[in-house]
Amino acid sequence: MKNRLRRNPAGRIAAHIFLVCVAVVFVFPIYWLVTSAFKDSHSLWQLPPLWIPTSGLSQVWEVIVKNQLLTFFLHSLLASVLSTVVVMIFASMMAYSLTRHNWKRKRFIASSIVSLKIMPPIAVIIPIYLLYSTLHLYDTILGLILVYVLFNLPLATWLLIGFFNQIPKTLDESAWIEGASSLRTLWKIILPLARPSLIGVGAVSVMFAWNDYIFAVSLTSNQAVTLTVGAAGFLGDFIYQWASFYTAGAMEIIPMIIITVFLQRYLIRGLSYGVIK
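Residues numbered from 1 in each chain as written. Predicted model: local features only at pLDDT ≥ 70, side-chain atom pairs only at ≥ 80, totals over all residues. Heavy atoms only, no water.

**Student:** Just give me the short version of the overall build of the protein chain, but keep the residues and values in it.
**Tutor:** Helix and strand counts for the protein chain stand at 15 helices and 0 strands. Looking at the protein chain as a whole, 39% of its 277 residues qualify as buried. Of the roughly 16,800 Å² of accessible surface on the protein chain, 70% is carried by carbon and sulfur atoms. (Helix = DSSP H or I, 4+ residues; strand = E, 2+ residues; numbered from the N terminus. Buried < 20%, exposed > 50% of the residue type's maximum accessible area, 1.4 Å probe, protein only. Areas by Shrake-Rupley, 256 points an atom, 1.4 Å probe, with all protein chains shown as cover.)

**Student:** Outline a nonpolar patch on the surface, listing residues and values.
**Tutor:** Residues Trp61, Val65, Leu70, Leu74, Leu77, Val81, Val85, Ile89, Phe90, Met93 and Leu183 make up a contiguous nonpolar surface patch of about 1,000 Å² in total accessible area. Going through the elements one at a time, helix 4 (57-66) and helix 5 (69-100) are the ones with two or more residues in the nonpolar patch. For the nonpolar patch, the element with the most residues is helix 5, which contributes 8 residues. Taking the relative accessible area as the measure of exposure, Met93 reaches 34% and is therefore partly exposed. (Patch = residues over 30% accessible without salt bridge, like charges linked within 9 Å, V, L, I, M, F, W, Y side chains within 5 Å. Salt bridge = Lys/Arg side-chain N within 4 Å of Asp/Glu carboxyl O.)

**Student:** How would you summarise the nonpolar core if you had to cite specific residues and measurements?
**Tutor:** Among the nonpolar cores identified, the biggest contains 57 residues, and Leu69, Ile128, Val147, Tyr148, Phe164 and Phe215 are the most heavily contacted of them. For this core, the leading source of residues is helix 8 (residues 141-164), giving 14 residues. Phe215 has contacts with Pro121, Ile125, Ile128, Leu144, Val147, Tyr148 and Phe151, leaving out every residue within four places of it along the chain. (Core = buried A, V, L, I, M, F, W, Y, C linked by side-chain atoms within 4.5 Å. Contact = heavy atoms within 4.5 Å.)

**Student:** Outline the packing of helix 9 (residues 169-177) against helix 10 (residues 182-193), listing residues and values.
**Tutor:** One way to put it is that helix 9 packs onto helix 10 with a least axis distance of 10 Å and a crossing angle of 140°. Classed by the angle they form, the pair helix 9 and helix 10 counts as oblique. Judged by the twist between their axes, the crossing of helix 9 over helix 10 is right-handed. Between helix 9, through Leu171, Asp172, Ala175 and Trp176, and helix 10, the contact on the second element is made entirely by Ser182, Thr185, Ile189, Ile190 and Leu193. Here the residues of the contact of helix 9 with helix 10 are counted per class, giving 6 nonpolar, 2 polar and 1 charged. (Axes fitted to C-alpha atoms, helices over the stretch in contact; angles between N-to-C directions. Parallel < 35°, antiparallel > 145°, perpendicular 65-115°, else oblique. Left-handed = near helix turned anticlockwise from the far one by under 90°. Nonpolar A, V, L, I, M, F, W, Y, C, P; charged D, E, K, R; others polar.)

**Student:** Break down the packing of aromatic side chains for me, with residues and values.
**Tutor:** Tallied over the full model, the rule gives 6 aromatic pairs. An angle of 40° between the planes, with centres 6.2 Å apart, marks the rings of Phe28 and Tyr31 as tilted. Residue Phe28 and its partner Tyr31 are located together in helix 2 (residues 9-36), separated by 3 residues, close to a single helical turn. Through successive ring pairs, a cluster of aromatic residues spans Phe28, Tyr31 and Trp32. (Phe/Tyr/Trp six-rings, centres within 6.5 Å; stacked < 30°, edge-to-face > 60°.)

**Student:** Before we move on, could you go through helix 7 (residues 125-135) and cite the residues and values that matter?
**Tutor:** Of all the residues in helix 7, the buried ones are Ile125, Ile128 and Tyr132. Projected down its long axis, helix 7 carries its buried residues within an arc of 60°, all on one side. In helix 7, those exposed residues whose orientation departs by more than 90 degrees from the buried face are Ile126, Leu130 and Thr134. Summarising the contacts, the buried residues of helix 7 are in contact with helix 8 and helix 12 (214-219). (Arc of directions from axis to C-beta.)

**Student:** Provide a residue-level description of unusual backbone geometry, including the pertinent values.
**Tutor:** With the exception of glycine, most residues fall at negative phi, and the peptide bonds are largely trans. One non-glycine residue with positive phi stands out, namely His136, at about 60°. Judged by its relative accessible area of 68%, His136 falls in the exposed class.

Read these as layout, nothing more, since geometry by itself doesn't imply function.
So this is what it looks like as structure tokens:
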């Protein structure tokens, strides 16, 4: 394919034009969302549209403070980061155990773990809501962390199983001969080798928790509202707070863009190395 494009300049130019058009289609909504956060109510509906907003950060900060967006942001950050830390700790131990120890029906156990991720959240939201109401976990950050761990742990474990299978077991056996325990072998040998995969899987876990809406809207009401729920609350049947909506949307999407840009190398290596031999 590459040789054909090199021999055909017209085809190469057409391919570049096509890729630029695709990039514009994907990037333009992000550009419009971020720039709209800097526009006032009049500029949002101005025709022709205002492509470069003139308002400064003072207006954005006023919207953030007035609508408690910073509080919503911190709730999302705490729930996403802390749940990911717990997920990576338990997922690495589960994946190591399933790849290094000879359990009966080990394949069945691994398949059962990933099947939990296939289950739609809406199918269990009512039982979880009733359980949280009884245990006083409703509308708490701890409740969000626990439910994010429950639904992100199976996928993280499955991905790490694929990576750990590529690490030679002779390394573990050498460590065991030297007297190292399984936990020490995991910590000192396996995890350093699996660093790219750990970073990639951790980033995916953060993204899933950060972008969650169904659990956050069902299990919070006031004290633990996340940014996704807060953003959705600015639009309704009789409420149209467009400036607040766009500002919350920009705060929601910018951290994910930063993660994607700076951890792209780890995302690709971490999520593909254990699958492709």
